[in-house]
Structures are given as C-alpha cells and as structure tokens.
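So the chains spell out like this:
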Amino acid sequence: MLVGVALVSVAGAAFAQEDRGTAEQRAACAPDAFRLCIGYIPDPTGVEACLRQRRSDLSEACGAVFDQAAAASIRTMEARRHRGAKDEE
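In this text, all values refer to a predicted model and were calculated from it rather than measured experimentally.

A. Focus on the state of the cysteines. Evaluation of the coordinates by the stated rule reveals two disulfides. Here Cys 29 is linked by a disulfide to Cys 62, with a sulfur-sulfur distance of 2.1 Å. Torsion about the S-S bond of the Cys 29 and Cys 62 cystine: about 100°, corresponding to right-handed handedness. Residue Cys 29 is found in helix α2 (residues 23–36), and its partner Cys 62 is found in helix α4 (residues 60–88); the two are separated by 33 residues along the sequence. Here Cys 37 pairs with Cys 50 through a disulfide, and the sulfurs are 2.0 Å apart. The disulfide joining Cys 37 to Cys 50 has a torsion of about -85° about its S-S bond and is therefore left-handed.

Shown next as structure tokens:
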C-alpha cells in the first residue's frame, strides 16, 4: 500500500504543476524516480528537479516524456509570443 501511495505521489514529477501527466507518462517515469531520486519521494517537485538533473540517466521511456513536455512548453511560449505581437499591432 505504501509503495502504491509513493508511486502515485512521485510518478507525476515530470509534468506541469497543475497537470501531473497521464497515467502512461507517470508509469514511464516512476521506475526512474525510484531508481534515481528515491530521496526526494514523496515531494513531486523535488523528484521532477532530480529527474531533470539526471536527464542523461533516464530510461528511454521517461526521457521521451521529458522531451514531449519540453516541446509542449516551447509551443506554448511561441503561441504566447505570437499572440502578444498581434496585440501590439
């Protein structure tokens, strides 16, 4: 039971604070969180920071989650920048 609670707490660490990702994304990163960042459990923010610092040590599946999150963040920033430029016209 305790492991299940820790898994749920930690698995979402790689995602935006308001949305901790899908069940598949959490499942992809949970093993890495336990393997690389156990000392930060159950703090999802700490686990996320740890996983980011250990990016080169992540499994392929968890690395892909972080890559997707980074790409989404870039698209969001570009959309905001584009929207801001339109507002200035």
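B. Expanded view of the environment of Ala 69. With respect to the helices and strands, Ala 69 occurs in helix α4. Look at Ala 69 and you get partly exposed, because its relative accessible area is 27%. Note: C-alpha distance between Ala 69 and Gly 21 (48 residues apart in sequence) is 9.3 Å.

C. Structural detail: unusual backbone geometry. Residue Pro 42 is reached from Ile 41 by a cis peptide bond, and omega for that bond is 15°. As for its placement among the helices and strands, Pro 42 is situated in the loop between α2 and α3 (44–53).

D. Highlighting the nonpolar core. Ranked by internal contacts, the top residues of the largest apolar core, which has 13 residues, are Cys 29, Cys 37, Val 47, Leu 51, Leu 58, Cys 62 and Phe 66. Going through the elements one at a time, α2, α3 and α4 are the ones with two or more residues in this core. In terms of residue count, the dominant contributor to this core is α2 (four residues). Apart from the residues lying within four places of it in its own chain, the contact partners of Cys 37 are Asp 32, Val 47, Cys 50 and Leu 51.

E. Highlighting the pattern of salt bridges. Inspection of the entire model under this criterion finds four salt bridges. Salt-bridge contacts for Arg 35 lead to Asp 32; the nearest nitrogen and oxygen are separated by 2.8 Å. With Arg 35 and Asp 32 both in helix α2, this residue pair falls three residues apart, about one helical turn. For Asp 32, a relative accessible area of 2% gives the class buried.

F. Spotlight on α2. Over its 14 residues, α2 extends 20 Å from the first C-alpha to the last, a length consistent with the 20 Å expected when each residue adds 1.5 Å. Taken as a whole, α2 carries its principal kink of about 35° at Cys 29; the proline Pro 31 stands between one and four residues after it. Every buried residue of α2 is accounted for by Gln 25, Ala 28, Cys 29, Ala 30, Asp 32, Ala 33 and Leu 36.

G. Examining the confidence of the model for the protein chain more closely. Averaged over all residues, the pLDDT of the protein chain equals 76, while 71% of them reach at least 70. Here helix α1 (residues 2–11) stands out as the element of the protein chain with the lowest mean pLDDT, 44, in contrast to α2, whose mean of 93 is the highest. Within the model, the stretch residues 1–18 combines pLDDT values under 50 with 34 contacts to residues more than four positions away or in other chains.

What counts, and where the lines are drawn
- Residues numbered from 1 in each chain as written.
- Predicted model: local features only at pLDDT ≥ 70, side-chain atom pairs only at ≥ 80, totals over all residues.
- Heavy atoms only, no water.
- Disulfide = S-S within 2.5 Å.
- Helix = DSSP H or I, 4+ residues; strand = E, 2+ residues; numbered from the N terminus.
- Buried < 20%, exposed > 50% of the residue type's maximum accessible area, 1.4 Å probe, protein only.
- Core = buried A, V, L, I, M, F, W, Y, C linked by side-chain atoms within 4.5 Å.
- Contact = heavy atoms within 4.5 Å.
- Salt bridge = Lys/Arg side-chain N within 4 Å of Asp/Glu carboxyl O.
- Expected span 1.5 Å × (residues − 1).
- Bend = angle between axes of the 7 residues up to and from the residue.
- pLDDT = per-residue confidence, 0-100.

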